[in-house]
Amino acid sequence: MIFTDRAKTVLEIRYLLKNEKGEPIENPEQLFQRVSSYIAQAEKIYKKNSFEWEEKFHELISSLRFLPNSPALMNAGKPKAQLAACFVLPIEDSIESIFKTLKDAALILQSGGGTGFNFSSLRPKGDVVRSTGGVASGPVSFMKIFDKASDIIKQGGARRGANMGVLRVDHPDIFEFIRIKRIESLSNFNISVAVTDSFMEALFKNDYFPLINPRTKEVVRKVKAKDIFDEIVESAWETGDPGVIFIDTINRSNPTPHIGQIDSTNPCGEQPLLPYEACILGSLNLSKYVKEGKIDFERLEHDVKTATRFLDDAIDVTHYPVPEVEKMHKGNRKIGLGIMGWADCLVELGIPYNHKKALALAEQVMQFISEKSHKASQELAQERGVFPNFKGSVWEKKGIPMRNATTTTIAPTGTISIIADCSSGIEPYFLLAYKQRILDTEFEIINKYLIEIAQKQGFYSEDFINQLRQKGTLRGMKEVPLRIKRLFKTALEITPEEHIQMQASFQKYTDNAVSKTINLSQRTRKEDVARIFILAYKKGLKGITIFRYGSKRGTLLKISDAH
Ligand code: CDP
């Protein structure tokens, strides 16, 4: 197995099993063996040959064509093998509920999972508290408790856990929520406003919009929808937060509305979930599927099938830290198969990221993965039965027996793309040369495809590499042919519209959602941000996150960190 030095370091720090002295007791080869063999244990439940599947899983992951999300790599085979990356927990308007969820969240965070919470049921700041005769502190105050607790728990954990805080756009404390990241770092939270269709209609009509007390259901006051929207734009422009989730769009594709409404996503936004639901993700490395200038769809189909089975098996051998989550996840059996290495794949095919051929290919590839994973899930249903909440689900109405309520999600793949040495998720390259510090070691990463092409085409030189180190892009380099410059456009050279179109092309064939940061240049204006949010809604995206280069960033966990 060939790993880059950076991958070896990441594996050693976070993934390899260690003894009590903190020394690794396995190598990367043994890690993949441990993961494959542990997941394949699930086959025994269905009276299948676990060795046969262990070998298939091992071949798939050790070739770096597919990797499951980090908790699966870290925890498989441990006594508390928690394998899922994504969770959502409920918060009701009582001290009991808030602190039960805080405890559950602590256990999830400790296991390497990230949790989303919707704080909208909490009565607004200043509202009455009957039991004490006092006044309520409001959702934002409680978020701060969750943030502080995360700070302390993560000090003992293997990876920085993340949270998503959501507030509905009609909550009376919405302005305080939107502004919070401009005032406080709240560094363990990404935040998102859950925007409704009726809000967007009010915005388009320049109408007033009612803010409602969730406790009394009464309208507290009416404000111009534009005032709320402008506040979102202002904060996002300044800090990258909040993002927006289009909650009605999300619920229109909720596969199990009879089980509940979706009110939040996981921390990076790619996984809408019901309260107490979890999801295990895994990503195919598309850079490994280019053969003779084309995508090898035959091999892809074969691997989608194996990966779908891997993720379904993972549910049965996961140790759930919270019993309610086990019940919900085993009821819907959601899995999220996606891709990484998209920018690499396009370079290998010679297609610029912002060319219409890239958008068409995105749709074709994702439609293919979606169809084949649905087919694999149907075959699993024949073998193992449909997911327990199938009756009453959207799948039942369509007459399609499924083992999993969803099968596809596009994750950021922040760490697993480093392990697989590919570009992350569906993002374009952020820079073609950059430095990354991992603990005490500094790594220099220069795009490997660019080096190869530069050598082949004869523009490789010491001077070329030095210029690249300085700029990180090919802009202004006379010796580089225009065709190559187009092929290696970086995130900030791609227009926001083009970023959104790519996200939309993938979303069209993704059951869950798509993780994507719309990277913007520093000089992007607030009007542009407003336009981008509206375009995202009109394109049917489930959510949007922007990041303006050079703006203040409170949260450390953003996709662009991974580039
Ligand atoms: O590459 P890796 O499997 O480590 O994770 P990712 O694809 O970057 O992120 C997938 C999900 O894992 C995120 O949306 C979070 O739910 C969770 N996560 C987290 O809780 N804490 C982190 N530091 C990274 C990811």
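Each chain carries its own residue numbering, running from 1 in the direction its sequence is written. In keeping with the model being predicted, local features are shown solely for residues with a pLDDT of at least 70 and side-chain atom pairs are shown and tallied solely at 80 or more, while totals for entire chains, interfaces and linings include all residues. Hydrogens and waters are ignored; side-chain quantities use all the structure's heavy atoms.

### Section: the overall build of the protein chain
Inference 1: Along the backbone of the protein chain there are 22 helices and 20 strands.
Inference 2: Values of the radius of gyration come from C-alpha atoms, whereas the globule rule sets the reference at 2.2 Å times the count of residues to the power 0.38. In terms of overall dimensions, the protein chain is globule-like: its C-alpha atoms have a radius of gyration of 23 Å, near the 24 Å expected for 563 residues.
Inference 3: Seen along its three principal axes, the alpha-carbon backbone of the protein chain occupies a region of about 75 × 60 × 55 Å.
Inference 4: Within the protein chain, the proportion of its 563 residues that are buried is 60%.
Inference 5: Note on definitions: a residue-residue contact is assigned when non-hydrogen atoms from the two residues lie within 4.5 Å. Taking all contacts inside the protein chain whose residues are at least 6 apart in sequence as the whole, residues at least 24 apart take part in 73%.
Inference 6: Total accessible area computed for the protein chain in this model is approximately 23000 Å², and 51% of it derives from carbon and sulfur atoms.
Inference 7: The charge count treats Lys and Arg as positive and Asp and Glu as negative. His and the chain ends do not count. In plain terms, the charge of a residue is placed at NZ if it is Lys, CZ if Arg, CG if Asp and CD if Glu. Separation of charge centres in the protein chain, based on 79 positive and 69 negative side chains, amounts to 2 Å. In this text, helices come from DSSP runs of H or I with a minimum length of four residues, and strands from runs of E with a minimum of two, each type numbered from the N-terminal end. Summary of the burial criterion: residues with accessible area below 20% of their type's maximum are buried, those above 50% are exposed, and those between are partly exposed, where the area comes from a 1.4 Å probe applied to protein chains only. In short, Shrake-Rupley with a 1.4 Å probe defines the accessible areas, and a residue's cover is counted only from the protein chains shown.

### Quick look at the packing of helix 4 (residues 50–62) against helix 12 (residues 297–317)
Inference 1: Interaxial angle, 0 to 180 degrees, is taken between N-to-C directions of lines fitted to C-alpha atoms, where a helix line uses only the stretch in contact. Packing of helix 4 against helix 12 leaves a shortest axis separation of 10 Å and a crossing angle of 120°. Taken as a pair, helix 4 and helix 12 cross one another with a handedness that is left-handed. Within the contact between the two elements, helix 4 uses Trp-53, Lys-56, Phe-57, Glu-59 and Leu-60 and helix 12 uses Arg-299, Asp-303, Thr-306, Ala-307, Arg-309, Phe-310 and Asp-313. By definition, turning the near helix anticlockwise from the far helix through less than a right angle yields a left-handed crossing, and turning it clockwise yields a right-handed one.

### A closer look at helix 10 (residues 225–239)
Inference 1: Every helix has an expected span of 1.5 Å times one less than the residues it contains. With 15 residues, helix 10 extends 21 Å from end C-alpha to end C-alpha; this agrees with the ideal 21 Å at 1.5 Å per step.
Inference 2: All of the buried residues along helix 10 are Ala-225, Ile-228, Phe-229, Glu-231, Ile-232, Val-233, Ser-235, Ala-236 and Thr-239.

### Observations concerning the domain arrangement of the protein chain
Inference 1: For the domains described, the bounds stem from an automatic or database domain assignment. If you check the domain split of the protein chain, you get domain 1 (5–79 + 280–417) and domain 2 (431–489).
Inference 2: Between domain 1 and domain 2, the C-alpha centre-to-centre distance is 32 Å.
Inference 3: Contacts between the two partners involve 14 residues from domain 1 and, on the opposite side, 11 residues from domain 2.
Inference 4: By definition, the buried area sums, over both parts, the 1.4 Å-probe accessible area that each loses when the two are put together. Interface area for domain 1 against domain 2, summed over the two sides, is near 1000 Å², with a carbon-plus-sulfur share of 70%.

### Let's talk about unusual backbone geometry
Inference 1: Residue Pro-242 is bonded to the preceding Asp-241 through a cis peptide linkage, with omega at 0°.
Inference 2: For Glu-292, which is not a glycine, the phi torsion comes out positive at approximately 45°.
Inference 3: Secondary-structure assignment places Glu-292 in the loop between strand 14 (290–291) and strand 15 (294–295).
Inference 4: Here Arg-333, not a glycine, exhibits a phi torsion of approximately 50°, which is positive.
Inference 5: When you line up the elements, Arg-333 lands in the loop between helix 13 (323–332) and strand 16 (335–340).

### Side note on the packing of helix 15 (residues 356–384) against helix 21 (residues 496–507)
Inference 1: Where helix 15 contacts helix 21, the two axes come as close as 8 Å, and the packing angle between them is 25°. Comparing the axis directions of helix 15 and helix 21 gives the class roughly parallel. Crossing hand, helix 15 versus helix 21: right-handed. Mapping the contact onto sequence places Ala-358, Leu-359, Ala-362, Glu-363 and Met-366 in helix 15 and Gln-501, Met-502, Ser-505 and Phe-506 in helix 21. Roughly parallel here means an angle under 35 degrees, roughly antiparallel means over 145, roughly perpendicular means 65 to 115, and every remaining angle is called oblique.

### Structural notes on the pairing of strand 17 (residues 433–438)
Inference 1: Paired strands, as defined in this entry, are two strands with at least two bridges between them according to DSSP. Bridging between strand 17 and strand 18 (residues 441–446) involves six bridges; their strand directions are antiparallel. Paired with Tyr-434 across the two strands is Ile-445, which belongs to strand 18.
Inference 2: Counted along the chain from strand 17 to the antiparallel partner strand 18, the turn is two residues long, and its residue Leu-439 has a positive phi close to 50°.

### Things to note about the nonpolar core
Inference 1: Counting 142 residues, the largest nonpolar core has Ile-228, Trp-342, Phe-506, Phe-533 and Ile-544 as its most contacted members.
Inference 2: Counting only domains with at least three residues in this core, you end up with domain 1 (5–79 + 280–417) and domain 2 (431–489).
Inference 3: Counting residues in hydrophobic clusters, the runner-up holds 20 residues, among them Ile-446, Ile-453, Ile-484 and Leu-487. Grouping buried Ala, Val, Leu, Ile, Met, Phe, Trp, Tyr and Cys residues that are joined through side-chain atoms within 4.5 Å yields what is termed a nonpolar core.

### Describing the side chain of Gln-503
Inference 1: Assignment of secondary structure puts Gln-503 in helix 21.
Inference 2: Gln-503 has contacts with Ile-426, Val-514, Lys-516, Ile-518, Leu-541 and Gly-543, leaving out every residue within four places of it along the chain.

### Regarding the confidence of the model for the protein chain
Inference 1: Per-residue confidence from the predictor is reported as pLDDT, which spans 0 to 100. Scored by pLDDT, the protein chain has a mean of 95; 97% of the residues are at 70 or more.
Inference 2: Across residues 554–563, confidence stays below pLDDT 50; counting only partners more than four residues off in sequence or on other chains, it has 41 contacts.

### So, the pattern of salt bridges
Pairs can form between side chains of opposite charge whenever their charged atoms are close.
Inference 1: Each reported salt bridge corresponds to a side-chain nitrogen of Lys or Arg within 4 Å of a carboxyl oxygen of Asp or Glu. Applying the stated criterion across every chain, the model contains 44 salt bridges.
Inference 2: A cluster of three or more residues bridged by salt bridges with shared partners is formed by Glu-43, Arg-309, Asp-312, Asp-313, Asp-316, Arg-333, Glu-383, Arg-384 and Arg-403.

### Observations regarding the packing of aromatic side chains
Inference 1: Only rings of Phe, Tyr and Trp enter the pairing, Trp through its six-membered ring, and a pair is recorded when the two centres are within 6.5 Å. The plane angle decides the type: under 30 degrees is stacked, over 60 is edge-to-face, the rest tilted. By the definition in use, this model includes 18 aromatic pairs.
Inference 2: With 5.2 Å between their ring centres and 50° between their planes, Phe-246 and Tyr-537 make a pair best called tilted. Placement of the pair is Phe-246 in strand 10 (residues 243–246) and Tyr-537 in helix 22 (residues 526–538), with a sequence separation of 291 residues.
Inference 3: Overall, the relative accessible area of 18% leaves Tyr-537 in the buried class.
Inference 4: Ring geometry for Phe-387 versus Phe-390: centroids 5.7 Å apart, planes at 85°, classification edge-to-face.
Inference 5: Members of the aromatic cluster, each reached through a chain of ring pairs, are Trp-53, Phe-57, Phe-66 and Phe-310.
Inference 6: Here, over-ring charges are defined by two tests on the NZ atom of lysine or the CZ atom of arginine: distance to the ring centre within 6 Å, and angle to the ring normal within 35 degrees. Across from the ring centre of Trp-395, 4.6 Å away, lies the NZ or CZ of Lys-398, which sits over that ring.
Inference 7: Note that Arg-548 overlies the ring of Trp-237, its terminal NZ or CZ placed 3.7 Å from the centroid.

### Remarks on the environment of Gln-503
Inference 1: Given a relative accessible area of 3%, Gln-503 falls into the buried group.
Inference 2: N or O atoms within 3.5 Å of each other form a polar contact, as long as, within protein, one can give a hydrogen and the other can take it, and as long as residues adjacent in sequence are counted only when both atoms are side-chain atoms. Of the polar contacts made by the side chain of Gln-503, one reaches the backbone oxygen of Gly-543; its length is 3.1 Å.

### A closer look at the environment of Leu-107
Inference 1: With respect to the helices and strands, Leu-107 occurs in helix 6 (residues 95–110).
Inference 2: For Leu-107, a relative accessible area of 30% gives the class partly exposed.
Inference 3: For the pair Leu-107 and Gly-269, spaced 162 residues apart in sequence, the C-alpha to C-alpha distance is 21 Å.

### Thoughts on helix 21
Inference 1: For helix 21, with 12 residues, the first-to-last C-alpha span of 16 Å sits near the 16 Å given by 1.5 Å per residue.
Inference 2: In terms of burial, helix 21 is largely enclosed, as nine of its 12 residues are buried.
Inference 3: Three or more residues of helix 21 are buried, namely Pro-496, His-499, Ile-500, Met-502, Gln-503, Ala-504, Ser-505, Phe-506 and Gln-507.
Inference 4: The inward-facing, buried residues of helix 21 abut strand 16, helix 14 (342–349), helix 15, strand 19 (517–520), helix 22 and strand 20 (543–548).

### Considerations on the state of the cysteines
Such a bond, covalent and formed between the sulfur atoms of two cysteines, is termed a disulfide.
Inference 1: Here, a disulfide means two cysteine sulfur atoms that sit within 2.5 Å of each other. All chains considered together, the criterion is met by zero disulfides.
Inference 2: Of the cysteine sulfurs around Cys-86, a residue in no disulfide, the closest is that of Cys-279, at 5.7 Å.
Inference 3: Exposure remark for Cys-279: the relative accessible area of 0% places this residue in the buried category.

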